[in-house]
Protein chains: 2
Amino acid sequence: MKGISDVKGFLCGTGRGGIKKTDKPVERDDVLVIVSEVPAVAAGVFTQNDIKAAPVKVSMKQFSVCEKISGIVANSGNANACTGEQGLKDAEKMVNICEDLTGKKPFIVASTGVIGEPLPMDRVEKGIKEAVKTLGTKNSIEAATAIMTTDTFPKVAFFDGGEFSIGGVAKGAGMIDPAMATMLSFVATDVEIDKNLLQEILTEIVDETFNAITVDGDMSTNDTVFILANGMSKVKIADSNVELFAEGLRKVMASLAYQIVKDGEGATKVVRIVVEGALTKEEARKVARKIALSPLVKTAVFGCDPNWGRIIAAAGSACTGIEEKALELKIGDFVLFKGGRAEYREEDVYRYMKDSDEIVIKLNLGKGKERFEYLTCDLTYDYVRINAEYRT
Amino acid sequence: MKGISDVKGFLCGTGRGGIKKTDKPVERDDVLVIVSEVPAVAAGVFTQNDIKAAPVKVSMKQFSVCEKISGIVANSGNANACTGEQGLKDAEKMVNICEDLTGKKPFIVASTGVIGEPLPMDRVEKGIKEAVKTLGTKNSIEAATAIMTTDTFPKVAFFDGGEFSIGGVAKGAGMIDPAMATMLSFVATDVEIDKNLLQEILTEIVDETFNAITVDGDMSTNDTVFILANGMSKVKIADSNVELFAEGLRKVMASLAYQIVKDGEGATKVVRIVVEGALTKEEARKVARKIALSPLVKTAVFGCDPNWGRIIAAAGSACTGIEEKALELKIGDFVLFKGGRAEYREEDVYRYMKDSDEIVIKLNLGKGKERFEYLTCDLTYDYVRINAEYRT
C-alpha cells in the first residue's frame, strides 16, 4: 500500500526506544523520522486546547520562524504534555538530535501517548538513532505503525496525481474530538507550492475532514497536522491545477480521518451523520456534531437499535431552531420520521444496522439547502474497558 | 422519609396503567397525581431543547394563561415526545381527565420514557383513575417511584422550615445534561409567595443544582421542574424570610440533583468537580462542565485511575485561557499537579478513589476568585449495557 514513503524525495525511518512505561516487552517501534531530501514548504494545524503539549509549542515556534522544514520526528508512548520547562527542553532536544544526525534542518516534532509523564530521553534518543539509521528503508505502513498508541491498525493514504503525489499517515483512536484539529497526521507531497496557499488549503480541508470526526468528544493536547511540500516533482501549483491538488489532498485527509473513526476505541461501526436542509453550513455542523457526540445515539448504534427519538432529541439540543414537523430522518434507506413517525418495519432497520459496518444517519432539517457530514463511531463496552485500563 | 406528601395541603396518588410497551408484567405504578387542596402559585423551568415534548408545550401554555395551578399529572414509560398533533391532544386529555375526576383545575402535565411512541391513552386513563382514587394515601417514596424509568431508586427530599416546609420528588438517570433543566422534578411548599418571586428563586437555584449535573451530556426533550406553593402554612415569604426559604429550596433541589447523579445509569461513583480560582463564575462553570463531560475522565474514575493528564486536557479544551503553570489539581486531599507534576504516591490516590463513593476533583485555575461545582458520575460497562438494550 502506497503512502508517505512513496512521495518523491521523502524518506521514512523508525526505531524502537521502548518509550512507554510498561512492564510488557516492547513490541513495536515508537519513533518515526521523516526527512525530505530538500527543504520543504510546510503548513500545520494544531490543537486549540489551552493546554498544549511541549512538542506542539516547539513546532508552532519552528513554523513561525522557519521558511522551510526538512524533517519531522515523532514518538508514541508519551505525549510530553503537562511537562513544564523540562518538556520544552526535551522536545527541543528531539529536534536537535535529528538535525545533528541527519545534517538536515530544521525539524519539527510531535508526540502522542500518556499525558504528564516526563519523556525518558535516553530511550527516546535510542529510538531516534535507530530511526535515522533506517531512513529510506521503511515503508508507509511501518511509518504509521511507529506512531500508534491504542490504534489497532496503521493509517496511511495516498493520492496519485499523475505528475505529482500526496501521501499521508495518521494516528488516533481515542481523545478524538473535532473542535479544531485531530491527533497526529503527517502528509507529504512533492508539489511546488506557495506557503500561504498551502496553509490556506490545509486549513480548509482539515475543517471538513479531521475537524468533522469525533470518537469521544475529548480534545487532545497534542493534536497536530503537518504537511510538507518539497517541490521535487517540479509540478508548480497555480490557478490551473490548484483544484486538482486540493482534491487530492482532500481525498488523502478524508481517508485518514475515516480510518481514525473506524479505529475509534472499542468501535464496531462507523456512523456517518449527514445533516441536510439547514439554513447555513454552520447550523448543519452544529446539529450533526450534537448527534455525533450523543452517548445515547452511540450506544443505540452499538445495540443496532433504530432509536430515532434519541437522534432527534440530540439534534434539538443544538438549539438552532429546528421544528419537529419539518424533519425527515433516515437510517440507511429507511425513512423513520417525516414530520411524525413514518411507516417502517423495525426489524428491517435492525437488520440493516446489524449487517453494516457503516451506518448512515441522514437528517433533513427542512429549512434550507446547506449540509454537513460528521463521522463518529458507536460506544461500546470495549471503549470503557480500554479507557478504564489504559494506564493502570 | 418525609417528602412532597408531608407538605401541608398536598396529596399524592399513584396508579398502574402499564404504559411502557413491554412483554414483561407491569411491576410498578407509572402514573403520579399530585393535588393541592387550594390553588397554588406555581413556577416552572423547562428544557431548552428545540424539540419539546407535548406535555412540556401544554404545561408551558398552562403557565402562561393560568394564575394558579391545582395539580400535576405525570406518567413514566412513555415521553410523549415527537408525537405531533396527537401528542398534544393526548397531553391535554391527561389534564382534562384529572380536572374532571378531581373537580380541581387547572392541572399541568409531564411525561418521561421512550421518545416517539404514541401514548396508549386507554392505559394512561386507567392509571390516572387509580391514582386519583388513591389521592392522600400515597407517600413521597411511592410518588417518586411512579415516575421512575431506568432509575434504580426513588428520589425525594424535604426541608423543614419550622412553620413551613418544602418537599420534592425527582426522576432521572440517563439523558441527563445540565444545559438548562433536568429530567422531571416536582416540588411543593406551603408558603405564600408572589409568583414572580417564586419563579426568580426557582430559576436561580435550578442553575446551581439541576443545571450543574450531567450523566451523559444528552439533553432531554422532557426536562421539567415544577414548584407549587399553596400558602396553607400561612407563612408569607417577604424580605425578612426570603433567604431562609431560598436556602431550604436550594437544599431540597441540591439533594434531588445529587440523587439523580448518584443513580446515573451504570454509575458506581459520584464525581464532584470543584473549579476554583477562575476569573468569572462562567469560566469556572465552562471548565467544570468540560471535565464533567469527558468520557476519558469518567472512565478513568471507573478504573480508579488518578489520570490527572486527562483532567487537565479536558479543562484546557474549554479554551477559556488557562495556563499549565498556574494550575493546582487535587483528587481528594492529594495534590497531583501544581504548576507541574506534584509528589504523590499513585497507590494512595488509587486507594482513595477505590474506597470512596464520592470522588472530589478540585482544580484551581490560579486566575481569580470565582468557583463553580459540577456533579457527574463515572462511565461504566453498565451505562453501555443499559443504553444498548434500553428499547430492543
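This report concerns the structure included in the present document. Residue positions within a chain follow its written sequence, with the count starting from 1. For this description, chains carry letters from A and ligands carry numbers from 1, given in the order in which they are written. Given that the model is predicted, a residue must reach a pLDDT of at least 70 before its local features are reported, and side-chain atom pairs must reach 80 or more before they are shown or counted; all residues, however, enter totals for whole chains, interfaces and linings. The side-chain values count all of the structure's non-hydrogen atoms but skip hydrogen atoms and water molecules.

### Describing the overall build of chain A
- Here a strand is any run of E in DSSP of at least two residues, a helix any run of H or I of at least four, and the numbering for each starts at the N terminus. Counting its regular elements, chain A contains eleven helices and 13 strands.
- The atom set for the radius of gyration is the C-alpha atoms, and the globule formula is 2.2 Å times the number of residues raised to the power 0.38. Expected size for 392 residues packed as a compact globule is a radius of gyration near 21 Å; at 22 Å, chain A falls within 12% of this value.
- With respect to the three principal axes, the spread of C-alpha positions in chain A is 70 × 55 × 35 Å.
- Here the term buried applies to any residue with accessible area under 20% of the maximum for its type, exposed to any over 50%, and partly exposed to those in between, with areas from a 1.4 Å probe on protein chains only. Considering chain A as a whole, with its 392 residues, one finds that 62% of them fall into the buried category.
- To measure how exposed things are, a 1.4 Å probe is used in the Shrake-Rupley method; for residues, cover is taken only from the protein chains shown. Surface exposure of chain A reaches about 14,200 Å², of which carbon and sulfur atoms provide 49%.
- Neither His nor the chain ends contribute to the count of charged residues, in which Lys and Arg are positive and Asp and Glu negative. Note on charges: their place is set at NZ of Lys, CZ of Arg, CG of Asp or CD of Glu. Each charge class in chain A can be summarised by its mean position, and for the 50 positive and 57 negative side chains these summaries are 2 Å apart.

### Focus: helix α7 (residues 281–293) of chain B
Residues and elements named next belong to chain B.
- With 13 residues, α7 ought to run about 18 Å at 1.5 Å a step, and its terminal C-alpha atoms sit 18 Å apart, in line with that.
- Taken residue by residue, α7 has Glu283, Ala284, Arg285, Val287, Ala288, Ile291 and Ala292 as its buried positions.
- Any pair of residues with heavy atoms lying within 4.5 Å of one another is described as a contacting pair. At its buried positions, α7 is contacted by α5 (195–208), β9 (270–278), α8 (295–302), α9 (308–316), β12 (358–364) and β13 (370–377). Expected helix span is taken as 1.5 Å per residue step, with the number of steps being one fewer than the number of residues.

### A few points about the pattern of salt bridges
Residue and element names in this part refer to chain A.
- Salt bridge, as applied in this entry: a Lys or Arg side-chain nitrogen positioned within 4 Å of an Asp or Glu carboxyl oxygen. Inspection of the entire model under this criterion finds 52 salt bridges over all chains.
- The partner of Lys155 in a salt bridge is Asp263, and the shortest N-O contact between them spans 2.7 Å. Here Lys155 is found in strand β5 (residues 155–160), whereas its partner Asp263 is found in the loop between α6 (242–262) and β9 (270–278), with 108 residues between them in sequence.
- Taking the relative accessible area as the measure of exposure, Lys155 reaches 0% and is therefore buried.

### Points about the sheet that holds strand β10 (residues 328–331) of chain A
Residue and element names in this part refer to chain A.
- When DSSP finds two or more bridges between two strands, those strands count as paired. Spatially, β11-β10-β12-β9-β13 is the arrangement adopted by the five strands of the open sheet, whose pairing is mixed. Two strands lie at the open edges of the sheet, namely β11 (334–338) and β13 (370–377), each paired on one side alone. Averaged over all pairs of adjacent strands, the angle between their axes in this sheet comes to 15 degrees, without regard to strand direction.
- Summarising the sheet, β10 and β11 pair through four bridges and their orientation is antiparallel. Residue pairing across strands places Lys330 opposite Val335, the latter belonging to β11. Under this scheme, a helix contributes an axis fitted over its contacting stretch, all axes are lines through C-alpha atoms, and angles between N-to-C directions fall in the 0 to 180 degree range.

### Thoughts on the sheet that holds strand β11 (residues 334–338) of chain B
Residue and element names in this part refer to chain B.
- If you trace the five strands from one edge of the open sheet to the other, you get β11-β10-β12-β9-β13, paired in mixed fashion. Edge strands, defined here as strands with exactly one partner in the open sheet, are β11 and β13. The mean inter-strand angle of the sheet, taken between neighbouring strand axes irrespective of direction, is 15 degrees.
- Of the strand pairs in this sheet, β9 and β13 are connected by seven bridges, and their pairing is antiparallel. If you follow Val274 over to β13, its bridge partner there is Glu373.
- Contacting β9, β12 and β13, α7 crosses the sheet at an angle of about 20 degrees to β13.

### Digging into the interface of chain A and chain B
- Counting residues at the interface gives 58 residues for chain A and 57 residues for chain B.
- Along the contact surface separating chain A from chain B lie four salt bridges.
- For the salt bridge of Glu324 of chain B with Lys57 of chain A, the shortest nitrogen-to-oxygen distance reads 3.9 Å.
- Two N or O atoms form a polar contact when they lie within 3.5 Å of each other; inside protein one atom must be a possible hydrogen donor and the other a possible acceptor, and for residues adjacent in sequence the pair counts only when both atoms belong to side chains. Inspection of the region where chain A meets chain B yields 20 residue pairs in polar contact (both at pLDDT 80 or more).
- If you list the elements that add at least two residues to the side of chain A that touches chain B, you get α8 (295–302), α9 (308–316) and α11 (381–389) of chain A.
- Three classes are used, and their members are as follows: Ala, Val, Leu, Ile, Met, Phe, Trp, Tyr, Cys and Pro are nonpolar, Asp, Glu, Lys and Arg are charged, and the others, Gly among them, are polar. Grouping the constituent residues of the side of chain A that touches chain B by class yields 24 nonpolar, 18 polar and 16 charged.

### Here's the deal with the pairing of strand β4 (residues 107–112) of chain B
All names here are of chain B.
- With respect to burial, β4 is a largely interior element, six of its six residues being buried.
- On β4, burial covers both faces: Phe107, Val109 and Ser111 on one face and Ile108, Ala110 and Thr112 on the other are all buried.
- Looking at chain direction, strand β3 (residues 69–76) and β4 are connected through six bridges and run parallel. When the sheet's bridge partners are listed, Ser76 is paired in β4 with Thr112.
- Running through helix α2 (residues 84–102), the crossover from β3 to the neighbouring parallel element β4 is right-handed. Every crossover in which the path from the first strand over the helix to the second runs clockwise, viewed with the strands pointing away from the viewer, is termed right-handed.

### So, the relation of the copies chain A and chain B
- With an RMSD of 0.0 Å, chain A superimposes on chain B once it is rotated by 180 degrees and translated 0.0 Å along the axis. Between the two chains, the operation in question is that of a two-fold axis. Residues of chain A ranked by C-alpha distance from the rotation axis are headed by Tyr381 of chain A, positioned 2.6 Å from it. Superposition of the copies used a least-squares fit over C-alpha atoms from residues whose pLDDT is at least 70 in both.

### Some remarks on unusual backbone geometry
- Looking along the chain, the bond that leaves Lys105 of chain A and enters Pro106 of chain A is cis, with omega of -5 degrees.
- Along the chain, the position of Pro106 of chain A falls in the loop between α2 (84–102) and β4 (107–112).
- In this structure, Lys234 of chain B is a non-glycine residue whose phi angle is positive, near 65 degrees.
- Residue position: Lys234 of chain B is located in the loop between β8 (224–229) and α6 (242–262).
- Classification of Lys234 of chain B as exposed rests on a relative accessible area of 69%.

### Quick word on the side chain of Ser185 of chain B
All names here are of chain B.
- Position of Ser185 relative to the elements: it lies in strand β7 (residues 184–189).
- Residue class for Ser185 comes out buried when judged on its relative accessible area of 0%.
- Setting aside chain neighbours within four positions, we find Ser185 in contact with Val169, Ala170, Phe210, Thr224, Val225, Phe226 and Leu256.

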